Amino acid sequence: MKYLLFSLVFIGTSITFAQQATPFKVVLDAGHGGKDPGTMRGAIREKDIVLDVVLRLGKMLEQQPGIKVIYTRKTDVFIELRERAQIANKAKANLFISVHCNGVKSPVAKGTETFVMGMSRTDTNLDIAKKENGVIFLEDDYNQKYKGFDPNNPETLLGLKILQEEFLGQSIELASEIEKNFQLTNRFSRGVKQQPIWVLDATVMPGVLVELGFVSHPDEGLYISSDAGKDEMALSLFNSIIAYKNTFFSPTDLVMPMERQVEATTPKAVSDASENEVAAVSSGKHYKVQLEAGIKKIELIPSNFKGLDAISFTYDNKKYKYFYGDETNYEACKKRLAEAKSKGYKSAFIVTFDNK
């Protein structure tokens, strides 16, 4: 609890700096490193892939006017989670991007996914949160640094809060843009997800944790560890960051996204892929605008939603989430988002769903 109080005070003195800082500062965080290899399959190591992608991405960004890049690591060294967050906060950054790879026992699982801070409790996502938070155990005196936080105990995850709520919508916008750009290179997208990940909780600016793909998938593992794959993933992230900057930071000083000049080498769907994954690849995604969430069930009539129609909802973890629209085109959903905000839903944001 002491940590939470400290974070609240820290945020109160830091948000203004992050928003007013010039130039546009991006912190690139290559996950794992040094004694922590991350996920491994044979000679493929997560720590090597993510560092290479981050350095390629950083080089692209450094060539753009008005952008400053800060790295949490540029070599194969171990950096504590706490230090990664401190680097971003000390820099008064405008954006924090942590890059990782996935890996599971099954050779079937594949695809990209991007996380924002949240309190989702689905078992699959919780396993990923444990994996990314689990590096805490490699740090000296972790129990004192993290106030008893145990990444393997779901109950202690309840202590994590979204301290930077005003940034959550922007984080989800960035995450959606990242997954959209990955899909432009024919990558299978597992979507945007919310999860209690410590390094996102401890940074006081919009931020995402990107999973580039599964090293455990035979084709995808080769792709994400190849030079062509790394170039393509770095370019997808670059274009997403530029789109975010042009939207939220400096619309009068636009930087144009780069043209894709690398040959796509995305692996084809393997024959043993699950039926759900194959269906998702063929049917694509659809997008809705999340308006609000709460424990109260609201009748789906326009008068209850400031005149908006086409309202739907989901019920998960004892909470109702209400959505506006249902689009298969992301740009069309952005228009829905603008309409929702004009009606007074200032913190509305776009969420991605699998078509069914």
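Residues numbered from 1 in each chain as written. Predicted model: local features only at pLDDT ≥ 70, side-chain atom pairs only at ≥ 80, totals over all residues. Heavy atoms only, no water.

Colleague: When you look at the pattern of salt bridges in this model, what are you seeing that I'm missing?
Modeller: Two side chains that carry opposite charge are able to pair once their charged atoms sit near each other. Counting across every chain of the model gives 13 salt bridges. Measuring nitrogen to oxygen at the nearest pair gives 2.9 Å for the salt bridge that ties Asp52 to Lys230. Placement of the pair is Asp52 in helix α3 (residues 46–62) and Lys230 in helix α11 (residues 227–248), with a sequence separation of 178 residues. With relative accessibility at 22%, the residue Asp52 sits in the partly exposed group. Taking the relative accessible area as the measure of exposure, Lys230 reaches 9% and is therefore buried. Between Arg56 and Asp227 there is a salt bridge, with the nearest N and O atoms lying 2.8 Å from each other. In this pair, Arg56 is assigned in helix α3 and Asp227 in helix α11, connecting sequence segments 171 residues apart. (Salt bridge = Lys/Arg side-chain N within 4 Å of Asp/Glu carboxyl O. Helix = DSSP H or I, 4+ residues; strand = E, 2+ residues; numbered from the N terminus. Buried < 20%, exposed > 50% of the residue type's maximum accessible area, 1.4 Å probe, protein only.)

Colleague: Would you explain helix α13 (residues 330–342) in this entry?
Modeller: Three- or four-residue spacings in an α-helix give side chains the same orientation, since the helix completes a turn every 3.6 residues. For α13, built from 13 residues, the straight-helix expectation of 18 Å at 1.5 Å per residue is met to within 8% by its first-to-last C-alpha distance of 19 Å. Along α13, the residues that are buried comprise Tyr330, Cys333, Leu337 and Ala340. Along the axis of α13, the buried positions cluster into a sector of 65 degrees, meaning they face one direction only. For α13, exposure combined with an orientation more than 90 degrees from the buried face picks out Lys335 and Ser342. Measuring from the side-chain oxygen of the N-cap residue of α13 to the backbone nitrogen of Glu331 gives 2.9 Å; that N-cap residue is Asn329. Phi turns positive, to about 115 degrees, at Gly344, one or two residues after α13. (Expected span 1.5 Å × (residues − 1). Arc of directions from axis to C-beta. Polar contact = N/O pair within 3.5 Å; in protein donor to acceptor, adjacent residues only side chain to side chain.)

Colleague: What exactly am I supposed to notice about unusual backbone geometry here?
Modeller: In most cases, non-glycine residues show a negative phi, while peptide bonds are predominantly trans. The backbone phi angle of His32 is positive, close to 65 degrees, even though this residue is not glycine. The residue His32 is located in the loop between β1 (24–30) and β2 (40–41) in this model. What makes His32 buried here is its relative accessible area of 7%. Despite not being glycine, Asn186 has its phi angle at roughly 65 degrees, a positive value.

Colleague: Can you help me understand the packing of aromatic side chains in this one?
Modeller: Each aromatic ring pair is specified by the distance between its two centres and by the angle formed by the two planes. According to the stated counting rule, one finds eight aromatic pairs in the structure shown. Relative to Phe248, the ring of Tyr244 lies with its centre 4.8 Å away and its plane at 40 degrees, an arrangement referred to as tilted. Note that Tyr244 and Phe248 are positioned in helix α11 at a spacing of four residues, about one turn of the helix. A ring pair is formed by Phe313 and Tyr322, whose centres lie 6.0 Å apart and whose planes are at 40 degrees; its orientation type is tilted. Looking at Phe313, the relative accessible area reads 34%, which means it is partly exposed. Over the ring of Tyr345 we find Lys306; its NZ or CZ atom is 4.4 Å from the centre of that ring. Above the face of the Tyr324 ring, Arg336 is positioned so that its terminal group lies 4.8 Å from the ring centre. (Phe/Tyr/Trp six-rings, centres within 6.5 Å; stacked < 30°, edge-to-face > 60°. Lys NZ or Arg CZ within 6 Å of the ring centre and 35° of its normal.)

Colleague: Just checking my understanding: could you explain the sheet that holds strand β5 (residues 95–102) for this structure?
Modeller: Strand pairing within a sheet occurs via backbone hydrogen bonds; the two strands may be parallel or antiparallel. Pairing within the open sheet is mixed, and its six strands lie in the order β4-β1-β5-β8-β6-β7. Here the strands that pair on one side only, and so sit at the sheet edges, are β4 (67–71) and β7 (189–195). This sheet shows a mean twist of 20 degrees between the axes of neighbouring strands, independent of strand direction. Bridging between strand β6 (residues 112–117) and β7 involves five bridges; their strand directions are parallel. When the bridges of β7 are listed, Thr112 appears paired with Ser189. (Pairing = 2+ DSSP bridges. Axes fitted to C-alpha atoms, helices over the stretch in contact; angles between N-to-C directions.)

Colleague: How should I be thinking about a nonpolar patch on the surface in this particular structure?
Modeller: Residues Leu300, Phe313 and Tyr315 make up a contiguous nonpolar surface patch of about 280 Å² in total accessible area. Here Phe313 is to be found in strand β10 (residues 311–316). (Patch = residues over 30% accessible without salt bridge, like charges linked within 9 Å, V, L, I, M, F, W, Y side chains within 5 Å. Areas by Shrake-Rupley, 256 points an atom, 1.4 Å probe, with all protein chains shown as cover.)

Colleague: When you look at the nonpolar core in this model, what are you seeing that I'm missing?
Modeller: Burial of nonpolar side chains together is a common tendency in soluble globular proteins. Leu28, Leu61, Ile97 and Leu212 are the most contacted members of the largest nonpolar core, which has 45 residues in total. Leaving out residues up to four positions away in the same chain, Leu61 has contacts with Val26, Leu28, Ile67, Val69, Phe238, Ile241 and Ile242. Ranked by size, the runner-up nonpolar core spans 18 residues in total, among them Val27, Phe96, Trp198 and Leu200. (Core = buried A, V, L, I, M, F, W, Y, C linked by side-chain atoms within 4.5 Å. Contact = heavy atoms within 4.5 Å.)

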